[in-house]
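# Examining the three-dimensional arrangement
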Amino acid sequence: MTPARGAGGRRKAAAGDNAAVAAMLEAIPFPCAAFASDGGGLVAANDGYRKAFAGLDGHDHRARLLAALADGDPDGSDADAAPREVNAPHSNRWYALHWGAADVEGTALDLLTAVDISARIEALDSHKSRQEKLLFTSRLMSVGEMAATLAHELNQPLAAIVNYLNGSLRLVDQAGGPVQVERALIAARTQAEHAAAVISRVREFVRAREPRRDARDLVEITNTVVELLRLEAERLQLRIELALAPGLPAVYADRVMVEQVLLNLVKNAIEAMREIPAQHRGLRIEGRVNLDGEVEVRVCDRGEGLSEEQGAQLFSPFFTTKSDGLGIGLAICRSIIEYHEGRLFFEPREGGGSVFGFTLPPAEGRGQQ
Ligand SMILES: Nc1ncnc2c1ncn2[C@@H]1O[C@H](COP(=O)(O)OP(=O)(O)O)[C@@H](O)[C@H]1O
Ligand SMILES: [Mg+2]
């Protein structure tokens, strides 16, 4: 029903003068109000209406009420037959508005019933975000399948490399040096073993799609990652500063997966500082327990930082600004961290540069430890 509007010649109802209407509205189990068709002033309202809308500026006038309710339909004041779905900004609840016209003792009234549909809207929203997440995960899964094929091909040569390196190490050891060669061989073996671990975990990930979580020490994880990137950092004359709070609790995590995340973030940080003069390069890995009791790891660089526009796309798969970039590093990081019930985040670093970080739940109180 279209509310009768400005019908000329009818007696104007003054707000609150109609006890019969008020009593009638009180019997309706939804927020209800009657406005004068002529002028739009509030004539009567039930308790539900007052509870829902009294906190909203303009709740006592039809046009001002409609203006205060956000509905994405700016000139929607022509209320038509379909109920309109609106958001009440003061309470952030959603309502479907139904209008009806009534004539009470010669006064033309527009009757409003507001049905709270917040639960439905929320269900729709969470369904949508679940859908998006599923889509995202399935896309990553196809990347995973691709990786699994690669992993299969790489597994053999990597195992062979580790064997050759072990053999060489034994030979150097028997010959008594030189120590530089020994160190280089150990570093090479660490790299190859890490590659093999990543690859075998990729295969497992695709097979089981279930990370293996345990109580893990972040100091160990961080040291492994720093060791893996030591050469790259040295090449750029970049010192990796470690600032892990003492006594950091163990996290409930899959070690290789979290290493992978941290490795990606530190690599990105190093890459972000390639073009920065050496004396300005600075990389710091922070670890602390945040206010929510989660363990939070932050990788801080002094690179160019990111524009707001880039920031918005960061975590989408295949977003890259590098000529040799794949743009799946951060997307995979996010997927892994979400598996761990954590959060991957980005923020600008004070004094220039970026902070990429993630949270992980502490291991304490978790099942298998
Ligand atoms: N520390 C950082 N500083 C500035 N930009 C970054 C940083 N980390 C990531 N980015 C931006 O995010 C993009 C996506 O990163 P990523 O998913 O790791 O893919 P890739 O490194 O292959 O480009 C990068 O191309 C870069 O533009
Ligand atoms: Mg990257």
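Note that this is a predicted model, so its numbers are computed, not measured. (Residues numbered from 1 in each chain as written. Chains lettered and ligands numbered in written order. Predicted model: local features only at pLDDT ≥ 70, side-chain atom pairs only at ≥ 80, totals over all residues. Heavy atoms only, no water.)

### Structural notes on the overall build of the protein chain
Under the convention used in this document: Starting at the N terminus, helices and strands are each numbered in turn, a helix being any DSSP run of H or I of at least four residues and a strand any DSSP run of E of at least two. Three exposure classes are used, based on accessible area relative to the maximum for each residue type with a 1.4 Å probe and protein chains only: buried under 20%, partly exposed in between, and exposed over 50%. Residue contacts are defined here by distance: any two heavy atoms, one from each residue, within 4.5 Å place the two residues in contact.
Across its full length, the protein chain carries 10 helices and 12 strands. Of all 369 residues assigned to the protein chain, the portion counted as buried reaches 40%. In the protein chain, of all internal contacts separated by at least 6 residues, the share reaching a separation of at least 24 is 61%.

### Details of the sheet that holds strand E2 (residues 42–45)
Just so we agree on the cut-off: Only strands that DSSP links by at least two bridges are regarded as paired with each other. Axis definition: a line fitted to C-alpha atoms, over the contacting stretch in the case of helices. Angles run 0 to 180 degrees between N-to-C directions.
If you walk across this open sheet you meet the 5 strands as E2-E1-E5-E4-E3, and the pairing is antiparallel. With partners counted over all chains shown, the strands left at the sheet margins are E2 and strand E3 (84–88), one partner each. Looking at each pair of strands side by side, their axes are set apart by 30° on average, direction ignored. In the sheet, strand E1 (residues 32–36) pairs with strand E5 (residues 107–116) via 5 bridges, with the strands oriented antiparallel. The residue bridging Phe35 from the neighbouring strand is Asp110, located in E5. In the packing of helix H1 (residues 19–26) onto the sheet, the strands contacted are E1, E2, strand E4 (93–104) and E5, and the crossing angle to E2 comes to about 40°.

### Here's the deal with the confidence of the model for the protein chain
Condition: Note on scores: pLDDT gives the predictor's confidence for each residue, bounded by 0 and 100.
Here the protein chain averages 84 in pLDDT, while 83% of its residues score no lower than 70. Across the protein chain, strand E10 (residues 295–300) holds the top mean pLDDT of 98, while helix H4 (residues 118–175) sits lowest at 78. Predicted confidence is poor over residues 1–16, with pLDDT under 50, and the contacts of this stretch with residues over four places away or in other chains come to 38 contacts. Overall, residues 72–79 carries pLDDT values under 50, and its contacts beyond four positions in sequence, including any with other chains, amount to 7 contacts.

### Topic: the packing of aromatic side chains
Which entries qualify depends on this criterion: For Phe, Tyr and Trp, where Trp contributes only its six-membered ring, two rings pair if their centres lie within 6.5 Å, and the inter-plane angle classes them as stacked under 30 degrees, edge-to-face over 60, or tilted in between.
For the coordinates displayed, the defined rule picks out 5 aromatic pairs. On the numbers, 4.9 Å between centres and 50° between planes, the contact of Phe53 with Tyr95 is tilted. Of this pair, Phe53 sits in helix H2 (residues 47–53) while Tyr95 sits in strand E4, and the two are 42 residues apart along the sequence. Neither residue differs from the other here; Phe53 and Tyr95 are each classed as buried. Seen from their ring centres, Phe346 and Phe356 are 5.1 Å apart, and the 40° between their planes marks the pair as tilted. Residue Phe346 is located in strand E11 (residues 344–348), and its partner Phe356 is located in strand E12 (residues 354–360); the two are separated by 10 residues in the primary sequence. A relative accessible area of 10% places Phe356 in the buried class.

### Some details on the site of ligand 1
To keep things clear, this is the line we draw: If a single non-hydrogen atom of a residue is within 4 Å of a molecule or strand, that residue counts as near it. Any pair of nitrogen or oxygen atoms within 3.5 Å is treated as a polar contact; in protein, a donor-acceptor pairing is required on top of that, and neighbouring residues in sequence qualify only through side-chain atoms on both sides.
Close contacts around ligand 1 come from 19 residues, with Asp301, Thr320, Thr321, Lys322 and Leu330 the closest. In this structure, a nitrogen atom belonging to ligand 1 sits 2.7 Å away from a side-chain N or O atom of Asp301. With respect to ligand 1, the backbone of Leu330 contributes an N or O atom lying 2.8 Å from an oxygen atom. Looking at the shell around ligand 1, the elements that each hand over two or more residues are helix H8 (255–272), helix H10 (329–339) and E12.

### Regarding the pattern of salt bridges
A side chain of one charge can pair with a side chain of the opposite charge if their charged atoms are brought near each other. Rule in force here: We define a salt bridge as a side-chain nitrogen of Lys or Arg found within 4 Å of a carboxyl oxygen belonging to Asp or Glu.
By the definition in use, this model includes 19 salt bridges. Sharing partners across several salt bridges, the network here consists of Glu241, Arg284, Glu286, Arg288, Glu296, Arg298 and Glu347.

### Section: the pairing of strand E9 (residues 283–289)
Pairing analysis gives 5 bridges linking strand E7 (residues 240–244) to E9, with the strands arranged parallel. Its bridge partner being in E9, Leu244 is matched across the sheet by Gly287. Direction of pairing for E9 relative to E10: antiparallel, over a ladder of 6 bridges. Across the sheet, residue Glu286 finds its bridge partner in E10, namely Arg298. Between the end of E9 and the start of E10, which pair antiparallel, lie 5 residues, with Gly293 showing a positive phi angle near 80°.

### What about the sheet that holds E11?
Judged by pairing direction, the sheet is mixed, and its 5 strands sit side by side in the order E7-E9-E10-E12-E11 without closing on themselves. Every interior strand has two partners, whereas the edge strands, E7 and E11, have only one. Ignoring which end each strand starts from, the neighbouring axes of this sheet average 15° apart. Where E10 lies against E12, 6 bridges are found, and the strand directions are antiparallel. Within the sheet, the bridge partner assigned to Val299 lies in E12 and is Phe356.

### Some details on the side chain of Glu286
Relative to the elements of secondary structure, Glu286 occurs in strand E9. Within the local environment of Glu286, its side chain forms a polar contact with the side chain of Arg284, the two groups lying 2.8 Å apart. Sequence-distant contacts of Glu286, that is, excluding residues within four places in its chain, are made with Ala243, Leu244, Glu296, Val297, Arg298 and Cys300.

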